[in-house]
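# A structural walkthrough
So the chains spell out like this:
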Amino acid sequence: KILKRVIGEIRKKEEANWPASSQHHDDAQRYVEALSKAQEDIWNRLPKFERGADQRQKLLIEFVLSQDAAFIALAEYEMRESGDAVRVTSRRPIALLQPSRAYVENNMRLIAADSFKLDGDKLDEMLRPLALLHRR
């Protein structure tokens, strides 16, 4: 249930960041649709009536940007917890999206800005070690 709310929040941010007039609107729509389908898939695979079963919906969202590639990978995962530490022990691929490179790059910057509450020069300073995301 929580993952569905998280996807709803991501949907709101994507719609705000990439309105219908935006060049990357279609990429954003495909991303949100893939997230919704992944959430439904994970929900349907959860053991519903097993006492003690882990009922958490676990969705790994990876934005990948390199010199040669730009994509978004969605996967269900298993993990091992030790105190506050979490270690991913396996993953089951759900979707691989290949939106435009500009969408991946700009969305990664927006996610960082939102997560760290930074913009402008402060965001650039934080992203300086990440050459593909740092604005010169």
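Residues numbered from 1 in each chain as written. Predicted model: local features only at pLDDT ≥ 70, side-chain atom pairs only at ≥ 80, totals over all residues. Heavy atoms only, no water.

## Description of the overall build of the protein chain
Tallying secondary structure elements over the protein chain gives 4 helices and 3 strands in all. Taken from the N to the C terminus, the helices and strands of the protein chain come in the order α-α-β-β-β-α-α. Projected onto its principal axes, the C-alpha positions of the protein chain cover 55 × 35 × 30 Å. The 136 residues of the protein chain split such that 33% are buried. Taking as baseline every contact in the protein chain between residues at least 6 positions apart, the subset at least 24 positions apart corresponds to 52%. Counting only carbon and sulfur atoms, one obtains 51% of the accessible surface of the protein chain, whose full area is about 9,300 Å². (Helix = DSSP H or I, 4+ residues; strand = E, 2+ residues; numbered from the N terminus. Buried < 20%, exposed > 50% of the residue type's maximum accessible area, 1.4 Å probe, protein only. Contact = heavy atoms within 4.5 Å. Areas by Shrake-Rupley, 256 points an atom, 1.4 Å probe, with all protein chains shown as cover.)

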